[in-house]
Amino acid sequence: MGISTREISEVIKERLKDFDASLVATDVGRIVATSDGIAQIYGLQNAMAGELLEFPRDTYGLALNLEEDQVRAVILGEFGHLHEGDEVRTTGRLLEVPVGEQLIGRVVNPLGQPIDGKGPIKTTKTMPVEKIAPGVITRKRVDSPVQTGIKAIDAMIPIGRGQRELIIGDRFTGKTTVLLDTIINQKGKDLICIYVAIGQNAASIARVAATLEEQGAMEYTIIVAASASEPASLNFIAPYAGCAMGEYFMEQGKEALCCYDDLTKQAWAYRELSLNLRRPPGREAYPGDVFYLHSRLLERAAKMAPSHGGGSLTALPVIETQANDVSAFIPTNVISITDGQIYLQSDLFNAGQRPALNVGISVSRVGGDAQTKAMRQVAGQMRLDLAQYRELAAFAQFASDLDTATRNQLERGARLTELLKQDKYQPVSLGLQVAAIYAGTQGFVDKVPTARVREWEAGFVRFLKSERPGVVEEIEQKQALDDALFERLKAAISTFNHQFGVEGYNDVADPGAGKAAPRTETKAEPKVEAKPKAAPKPPPPQPKPVAKAGAAEETDDEGAQRSSQLDQIRAALDDKPKKPSSRKKQE
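The rules behind these values
- Residues numbered from 1 in each chain as written.
- Predicted model: local features only at pLDDT ≥ 70, side-chain atom pairs only at ≥ 80, totals over all residues.
- Heavy atoms only, no water.
- Helix = DSSP H or I, 4+ residues; strand = E, 2+ residues; numbered from the N terminus.
- Buried < 20%, exposed > 50% of the residue type's maximum accessible area, 1.4 Å probe, protein only.
- Contact = heavy atoms within 4.5 Å.
- Core = buried A, V, L, I, M, F, W, Y, C linked by side-chain atoms within 4.5 Å.
- Patch = residues over 30% accessible without salt bridge, like charges linked within 9 Å, V, L, I, M, F, W, Y side chains within 5 Å.
- Areas by Shrake-Rupley, 256 points an atom, 1.4 Å probe, with all protein chains shown as cover.
- Salt bridge = Lys/Arg side-chain N within 4 Å of Asp/Glu carboxyl O.
- Disulfide = S-S within 2.5 Å.
- Pairing = 2+ DSSP bridges.
- Phe/Tyr/Trp six-rings, centres within 6.5 Å; stacked < 30°, edge-to-face > 60°.
- Axes fitted to C-alpha atoms, helices over the stretch in contact; angles between N-to-C directions.
- Parallel < 35°, antiparallel > 145°, perpendicular 65-115°, else oblique.
- Left-handed = near helix turned anticlockwise from the far one by under 90°.

## What about the environment of Lys-131?
- Inspection of the secondary structure puts Lys-131 in the loop between β9 (125-128) and α2 (151-156).
- Note on Lys-131: relative accessible area 32%, which makes it partly exposed.
- For Lys-131 and Tyr-240, which are 109 residues apart along the polypeptide, the C-alpha to C-alpha distance reads 9.0 Å.
- Ignoring sequence-local partners within four residues, the contact set of Lys-131 consists of Glu-247, Glu-251 and Arg-300.

This is the structure in structure tokens:
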């Protein structure tokens, strides 16, 4: 039994009635050659610069070179399965990464795919990795701080929300530690952190993730990881991916912090890609647009005006130098883009100064606008004092004798330097920072031996937390010091110095706990009881000759002119009473 042509045509007509196909326009090309993560593609006549290309087996690439008869594209990911003749399609869209709150607490690769083994990330929102930075009209002045928890930085090189602060130094000078301390210090605050690891080995990235997890910081942190074993293309786009994730929160009116660790390796990856793309090399073999590579990334950090959401994105890029050479090509490029730099010097690091902050080269171009008023009140001149101390210390190595003012400045600087030392992963709250720095800058630590300054500070912190918690709470609440708070702080320092055994200080009750009038009376009386039980006023100047070794000779010359009352005080203090009495008999 045969089938007639009429029946066949009827069946075809019925099928065509229900047929509905959308028109898809796409350019199709063929791979000519692949090598070193670069694909040469023939036939993509309408491809756009920066367009996402689709390769076989769910592999994607980025069109970077549009040449006359072919397109050169960077393959994002592994490329061993791609061969000559494979089909390539245009997508008509830019490279995008998933964004949203679902990424918080996860470790992802630069394409937004999870690599922490905690399952897929359920988010439907994406943002392009390349985006034009906010304009001047939509921005607002930087006026609120990012508290790093590091005393030296918060006091002298403050970082503001919306700022771009470069962290620069040689290898193993503590650059990553500064980033991690800053992230850990945001616990309980309103800052969402994105840590971008570029070109690091997988073990280092795992240690960072474990440290943040241990400190409870992964609750508000996203880690974007592009390890050294990844293709150069992923190291190239990793900072842009992290920036896009941070921009999502900024557009939602939230505060975000993006740490790029480090952009030197991104520049290396981009140089590798550019040379493989046959782009002409320039200085140090970098392409001519390497400045634009970093500027279009860091310019996206901003503090938005209230009319545009009021969010902020703060950038902390890291640059690694070679032999402390900050005048090299990439360091000078990024220094000119950012709003200041924190320079960590290897000599200071090896000498035990942690963080190894060089206050002479480090600077914040936002300055006091990024500090709380309390910190400005106590640390206003400290940066200049420490810079002068470093210069004096270098000069004093060749001096045999120093005047009193220079010696005092050197001793004060040495104690301030010790006071700014800090262990890693132990950020300090604002109230404790203000209290410790106030004690150092106002001379309350001058009589503490330099070797015991850190011991003094640890004890002072415990004392404030246990016996005077109201002082710290009031500083953090007001974020400014008034006369009453200054008095409470002085009373706390005096009491602790008395307990610590520092000369000339007494046990003073907290003026804020009751009336202020009786406190001032008790403040004058105990001064007599610091050493002898004698007249109330003469003892305070007495420690001066006792503290210095050469003071005994001066008192011998002036002993004849002293009053008999002073001789009695000396006898009461057992300060060589026999010699003055024998001289008296001879006279």
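## Thoughts on the nonpolar core
- Met-156, Tyr-195, Leu-212, Met-382 and Trp-456 are the most contacted members of the largest nonpolar core, which totals 80 residues.
- Beyond its immediate stretch of four places on either side in the chain, Trp-456 contacts Leu-419, Ala-439, Val-445, Val-448, Ile-493, Phe-496, Asn-497 and Phe-500.
- One finds Val-97, Ile-194, Met-250 and Phe-329 within the second-largest nonpolar core, a separate group that totals 60 residues.

## Side note on helix α8 (residues 329-337)
- Of the positions making up α8, those classed as buried are Phe-329, Ile-330, Pro-331, Asn-333, Val-334 and Ile-337.
- Buried residues along α8 sit against β10 (166-169), α6 (263-276), α7 (290-298) and β15 (312-320).

## Thoughts on a nonpolar patch on the surface
- There is a patch of nonpolar side chains on the surface, built from Ile-8, Ile-12, Leu-16 and Phe-19 and spanning about 440 Å² of accessible area.
- Tracing the sequence through the fold places Ile-8 in helix α1 (residues 5-18).

## Here we look at the environment of Leu-410
- One can find Leu-410 in helix α12 (residues 404-419).
- The class for Leu-410 is buried, based on a relative accessible area of 14%.
- Separated by 22 residues in the primary sequence, Leu-410 and Gln-388 place their C-alpha atoms 9.1 Å from one another.
- Not counting the four nearest positions on each side in its chain, Leu-410 is found in contact with Tyr-389, Leu-392, Ala-393, Ala-396 and Leu-402.

## A closer look at the state of the cysteines
- Following the criterion strictly, the structure yields 0 disulfides and no others.
- Not engaged in a disulfide, the cysteine Cys-259 finds its nearest cysteine sulfur in Cys-193; these two sulfurs lie 6.4 Å apart.
- Residue classification places Cys-259 among the buried residues on the basis of a relative accessible area of 0%.

## Examining the pairing of strand β2 (residues 38-42)
- Of the pairings in the sheet, the one linking strand β1 (residues 28-35) to β2 comprises 5 bridges and is antiparallel in character. Looking at the pairing, Ile-31 lines up with Ile-41 of β2.
- The loop that links β1 with its antiparallel partner β2 comprises 2 residues; one of these, Asp-36, has a positive phi angle of about 55 degrees.
- As paired elements, β2 and strand β5 (residues 71-76) share 4 bridges and run antiparallel to each other. By the bridge assignment for β5, Ala-39 is matched with Ala-73.

## Looking at the packing of aromatic side chains
- According to the stated counting rule, one finds 12 aromatic pairs in the structure shown.
- Plain terms: the ring middles of Tyr-438 and Phe-444 are 5.8 Å apart, the flat faces sit at 40 degrees to each other, and that makes the pair tilted. In terms of burial, Tyr-438 and Phe-444 fall into one category: buried.
- When the ring of Trp-456 is compared with that of Phe-460, the centres are 5.0 Å apart and the planes differ by 25 degrees; the resulting orientation is stacked.

## Remarks on the sheet that holds β2
- With respect to topology, 6 strands assemble into a closed barrel ordered β1-β2-β5-β4-β3-β6, the strand pairing being antiparallel. Strand-to-strand, the axes of this sheet are offset by a mean angle of 45 degrees, without reference to chain direction.
- Lying over the sheet, helix α5 (residues 232-251) contacts β4 (59-66) and β5, oriented at roughly 80 degrees with respect to β5.

## Description of the pattern of salt bridges
- Following the criterion strictly, the structure yields 29 salt bridges and no others.
- For Lys-303, the salt bridge identified is with Glu-255, shortest N-O distance 3.6 Å. Pair noted here: Lys-303 is in strand β14 (residues 302-303) and Glu-255 is in strand β13 (residues 255-261), with a separation of 48 residues, a long-range link. By the burial criterion, Lys-303 is buried, and Glu-255 matches it.

## Quick word on the side chain of Glu-418
- Mapped onto the elements, Glu-418 comes out in helix α12.
- Its relative accessible area of 17% is what places Glu-418 among the buried residues.
- Every residue in contact with Glu-418, bar those within four places of it in the chain, is listed here: Thr-450, Val-453 and Arg-454.

## Focus on the packing of α5 against α7
- It is at 10 Å that the axes of α5 and α7 come closest, and there the two elements cross at 15 degrees. Comparing the axis directions of α5 and α7 gives the class roughly parallel. The handedness of the crossing between α5 and α7 is left-handed. When α5 is examined against α7, the residues Phe-236, Pro-239, Tyr-240 and Cys-243 are found in contact with a partner set consisting of Leu-293, Arg-296 and Leu-297.

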